[in-house]
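A closer look at the structure
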Amino acid sequence: SYRILGENSVMLWRTGMDYSSGARIRVEKEISLTGRDIKVRYLVRNLEEREIEVRLGVEFSISPRLSYSFASPCRVKIGEHERNYKERRISCVDSIDIISEIPPSFRVSWSQKTETWVSPILTFAKSERGLKEIVQGVSFMPIFAVKLKGKEMFRLEFNASCFK
């Protein structure tokens with residue numbers, strides 16, 4: 001379901017079940033646009049009387065503008081450390097920067113450090129010279145382990161912004 005909250009804001013929600021515990025949960029997601037920034041707020045509610053443990057993973061896929069050569073399309077800064085964009089990695093961070101040679105670049109940050117999976121988005125093309133790997137972007141997923149008492153809520157906020 002959804003509800004429009006304003007000219008640049010919408011709320012989505014879904015009630016379902018966490019299959020690992022069999023518990024009913026409700027997830028609300030509010031998306032707001034302001035200028036070049038996007039803010040996403042999550043609220044996870046335990047609808048049960050008992051305590052539950054859930055894992056919430058939020059996936060982002062960012063495809064920066066690429067040069068025609070497809071050479072070194074972007075750099076990835078995971079927390080405080082810059083990494084090769086092709087490197088698959090698991091880190092405990094609260095932000096990721098996707099730094100593009102052709103502006104804009106992107107920063108996504110969230111409200112607490114957590115385990116984050118990072119992987120390139122790859123496609124392959126066959127030519128006379130053989131198989132060519134093409135990087136399309138970067139995908140990452142912060143994963144939050146949440147323990148909720150009966151009827152308790154968990155709040156989480158993401159901010160995505162463009163920079164040069």
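Structure's up top.
Below or above, wherever it landed, is the structure these notes cover.

So, how was this worked out
Residues numbered from 1 in each chain as written. Predicted model: local features only at pLDDT ≥ 70, side-chain atom pairs only at ≥ 80, totals over all residues. Heavy atoms only, no water. Core = buried A, V, L, I, M, F, W, Y, C linked by side-chain atoms within 4.5 Å. Buried < 20%, exposed > 50% of the residue type's maximum accessible area, 1.4 Å probe, protein only. Helix = DSSP H or I, 4+ residues; strand = E, 2+ residues; numbered from the N terminus. Contact = heavy atoms within 4.5 Å. Phe/Tyr/Trp six-rings, centres within 6.5 Å; stacked < 30°, edge-to-face > 60°. Lys NZ or Arg CZ within 6 Å of the ring centre and 35° of its normal.

**Describing the nonpolar core**
Ranked by size, the top nonpolar core spans 28 residues in total, and within it Ile98, Trp110, Phe140, Phe154 and Phe158 carry the most contacts. In terms of residue count, strand S11 (residues 130-148) provides more of this core than any other element does, five residues in total. Setting aside residues up to four positions removed in sequence, Ile98 forms contacts with Ile62, Pro64, Cys74, Arg75, Val76, Ser105, Phe106, Val138 and Phe140.

**With respect to the packing of aromatic side chains**
All told, the structure shown has seven aromatic pairs when counted by the stated rule. With centroids separated by 5.9 Å and ring planes inclined at 80°, the aromatic side chains of Tyr42 and Phe158 adopt a geometry described as edge-to-face. Of this pair, Tyr42 sits in strand S4 (residues 37-46) while Phe158 sits in strand S12 (residues 153-163), and the two are 116 residues apart along the sequence. When the centroid spacing of 5.3 Å and the interplanar angle of 15° are considered together, the rings of Phe60 and Phe140 count as stacked. One end of the pair, Phe60, is in strand S6 (residues 60-62); the other, Phe140, is in strand S11, and 80 residues separate them in sequence. Considered together, Phe60 and Phe140 belong to a single accessibility category, that of buried residues. Here the aromatic residues Tyr42, Phe60, Trp110, Phe140, Phe144, Phe154 and Phe158 are joined through ring pairs into a cluster of three or more. A cation over a ring is seen here: Arg107 above Phe163, with NZ or CZ 5.0 Å from the ring centre.

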